[in-house]
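So the chains spell out like this:
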Amino acid sequence: MREQTNYDKIKKALSSPADLTKRTVLFCRQKVDVVFINELTDPEKIEDTILRSINEFNQKCTMPLDKFLREQVLSTQELVDIPDVKTAVEKILKGYAIVCIGDKMLGVDCELITGRVVAEPPTSAVVKGPREGFVESAKVNLALIRKRLATPDLCVENQTVGKYTQTDVYVLYINNIADKKVVKEIVDKIKKIQIDGIIDSSYIADFLCTKKGTLFKQVGHAEKPDIITAKLLEGRVAIVVDGSPFVLTLPYILFEDLQNSQDYYESHVHSNFLRVLRIGGVILAFLLPGMYLALQLYHYKIFPIDFLVSILNSTQGIPFSPFIEILFIILLFEILYDASLRMPRHLGMALSIVGALILGDTAVQAGLVSPPAVMLVALSGLTFYIVPGQSEQLSELRLIFVFAGAVLGLFGIMLASIVMISHLSEFDAYGASYLAPIAPYHSQDLQDWVYRKEIRDMRTRPFSILPRTKNRVRLK
C-alpha cells in the first residue's frame, strides 16, 4: 500500500475540495509538491516566488532540501515552517501555498488581495481632512494605521476567532499610553469567544459589551484611520477584524459621538459652535415629538394663544388621537427610511421624493395627520443624523419619550429623563465612566468636551479613560 504523502493528508483534512491544486516540480532530483487553493492565492506570486525560483536553480544542494529551499532558493519574506498537517490546512485557508519536500513542509504567503480600494468612506465624508477609509482587508487597515503611527510602541496582538471562519482579530494599543489592565481584559474576552463564525466586527463588539439588556451603544467604531489613530493616542484600544471596514475602540464614553474628526482640522471657534448644535440636535431628536404630545394632551395652556389656535385649526377633523397620529407618522418615516436603504440605489431618490412629498402631502390633504405633527417628526428624524453614530439609539429613545409624554405628560418626560440618566450613570466599562467627564467630574477633560481648546492648549490626555501617561503636548 502506497504511503500517504503530505499532499494526501492535506487533501483528506480539507475533505478533498475540487479547487485544491498541486504542482509538482523537480528540485535536486527530488519531487517537490506545491499545494494551494486556486481562489485564495495569487498565481503570479506562486509563479514568481516558488515555481520559477525552483526551476531556475541549478546549483548543487549542500544541505537538507527544506533548509536549502528556505535559506537560498525561495525569495519571499513570508516564509514559515509548517510543523503538522493541521497547521498546513490553516495556512492554506489563509492563502498560503505549502511546499512539501518529503516529510517537511514550508508555507509561503501567496494570498490574493481582493476587495475595495482605499477611498473616502460613505459614512464619514469630510470637507477638510484625510479622506482615506478602511476596507475589508485587515492587512490593508493595519497598514493605514501603521503609516500614521510610525512608532515601535504600537503593539499589535493577533487572535483567531470563529470555529469555521477562523477570522483574524487584531488588538492594537500604544504601549506607553494604554492601561495594561484594560488591554488584558479586552484580550481575555476575545480569547474566550466561542462561536461558529465572525462575519463583521459587530459580532466582536457584542461580546465586548459589559452591560446586557441596554439599547445604548457600548463600543466605539470608526471607518477612518485618522480617527482610530487619534483614539489610540488618547490611550484607547483598537480592534481590527478581518472582513470588516469598521474598527472598534474601547473604552467608549457617550460624548465621543458628539466629536467629529473635522472638528480638529478647522477653527476651534467654529468647532465649538457645531458641537453646541449637535447637542441641541440630539435633545430635539428624542424629546421633540414626546414634548409636543405632552403639551398638546395635558399642558396646552403653556402654548402661546396664537400658536394654540393654529394647532387647534390644523387638528380639526383628524380621525386619530394625538398619540396615534404621532405614532403613525413615526412608523411611516421609519418604514420609508428602512425601504430606502434596501432599494436599488437608482430608485432611492425616487422613493425619497414619493415618501417625503407625495405621501406626506397626501396624508395631510386627506386629513389623516396634521401639518405640525408631520413637521415635528420630520425635524426630529433629520436631527438623528447630526450624530450618525447614535441614530439607532435616538430612534428608540424617541419612541420611549413619546409613550412617556402620552401617558404622564411633562411629568412622564421628566421621569423618563431621570431613569435614562440613572441608567447611563451605572455604566463603568473598562475603567471609564459612560458619562465622563461630567459623572464623575474630570475638570481636565473639559478641554475637549462641548468647548474645545486649541490644539496647542490641549496638553493632557483624557483622564476618564485612564491613560498611563497624562501629558501629550510639551511646550518648549
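Below or above, wherever it landed, is the structure these notes cover. Everything numeric in this text was worked out from a predicted model, so none of it was measured. (Residues numbered from 1 in each chain as written. Predicted model: local features only at pLDDT ≥ 70, side-chain atom pairs only at ≥ 80, totals over all residues. Heavy atoms only, no water.)

## Some details on the sheet that holds strand S5 (residues 104–109)
Argument step 1. Spatial ordering of the open sheet is given by S1-S2-S4-S5-S3, a layout of five strands whose pairing is antiparallel. Edge strands, defined here as strands with exactly one partner in the open sheet, are strand S1 (20–27) and strand S3 (79–81). Along the sheet, successive strands turn relative to each other by an average axial angle of 25°, direction set aside.
Argument step 2. Direction of pairing for S1 relative to strand S2 (residues 30–37): antiparallel, over a ladder of eight bridges. The residue of S2 that forms the bridge with Leu20 is Ile37.
Argument step 3. Helix H4 (residues 85–92) rests against S2, S3, strand S4 (96–101) and S5 of the sheet, and its axis sits at about 145° to S4. (Pairing = 2+ DSSP bridges. Helix = DSSP H or I, 4+ residues; strand = E, 2+ residues; numbered from the N terminus. Axes fitted to C-alpha atoms, helices over the stretch in contact; angles between N-to-C directions. Contact = heavy atoms within 4.5 Å.)

## Considering the packing of helix H11 (residues 322–342) against helix H13 (residues 371–383)
Argument step 1. Running from N to C, H11 and H13 cross one another at 45°; their axes reach a closest spacing of 10 Å. On the basis of their axis angle, the class for H11 and H13 is oblique. Seen along the crossing, H11 lies across H13 with a hand that is right-handed. Note on element contacts: H13 touches H11 through Ala373, Val374, Val377 and Ala378, opposite Glu325, Ile326, Ile329, Ile330 and Phe333.
Argument step 2. Broken down by class, the residue content of the contact of H11 with H13 amounts to eight nonpolar, no polar and one charged. (Parallel < 35°, antiparallel > 145°, perpendicular 65-115°, else oblique. Left-handed = near helix turned anticlockwise from the far one by under 90°. Nonpolar A, V, L, I, M, F, W, Y, C, P; charged D, E, K, R; others polar.)

## Some thoughts on the side chain of Gln159
Argument step 1. Mapping Gln159 onto the fold places it in strand S6 (residues 154–161).
Argument step 2. A relative accessible area of 17% places Gln159 in the buried class.
Argument step 3. Not counting chain neighbours up to four residues away, the residues in contact with Gln159 comprise Thr167, Asp168, Val169, Val187, Ile190 and Lys191. (Buried < 20%, exposed > 50% of the residue type's maximum accessible area, 1.4 Å probe, protein only.)

## Quick notes on the nonpolar core
Across soluble globular proteins, nonpolar side chains show a tendency to be buried alongside one another.
Argument step 1. In terms of nonpolar packing, the biggest core is built from 24 residues, with Ile186, Ile190, Ile204, Leu208 and Ile239 touching the most fellow members.
Argument step 2. Breaking this core down by element, the ones donating at least two residues are S6, strand S7 (167–174), helix H6 (180–191), helix H7 (201–208), strand S9 (237–241) and strand S10 (247–250).
Argument step 3. At five residues, H6 tops the list of elements feeding residues into this core.
Argument step 4. For Ile190, the contacting residues outside a window of four places in its chain are Gln159, Val161, Val169, Val171, Leu208 and Ile239. (Core = buried A, V, L, I, M, F, W, Y, C linked by side-chain atoms within 4.5 Å.)

## Looking at the pairing of S4
Argument step 1. For S4, a buried count of six out of six residues is recorded, marking the element as mostly surrounded by other parts of the structure.
Argument step 2. By the alternation rule, side chains of S4 split into Tyr96, Ile98 and Cys100 and Ala97, Val99 and Ile101, which are all buried.
Argument step 3. Alignment of S2 against S4, held across three bridges, turns out to be antiparallel. Within S4, the residue paired with Val34 across the bridge is Val99.
Argument step 4. Relative to S5, S4 is paired through six bridges, and the arrangement is antiparallel. Residue Ala97 lies in a different strand from S5, and its bridge partner there is Val108.
Argument step 5. Counted between consecutive antiparallel strands, the loop separating S4 from S5 contains two residues, among which Gly102 sits at a positive phi close to 65°.

## Points about the sheet that holds S10
Argument step 1. Read across the sheet, five strands follow the order S6-S7-S9-S10-S8 without closing on themselves; strand pairing throughout is antiparallel. Of all strands in the sheet, those with a lone pairing partner are S6 and strand S8 (220–222), marking the two edges. Averaged over all pairs of adjacent strands, the angle between their axes in this sheet comes to 25°, without regard to strand direction.
Argument step 2. H6 rests against S6, S7, S9 and S10 of the sheet, and its axis sits at about 20° to S6.

By themselves these figures say nothing about function.
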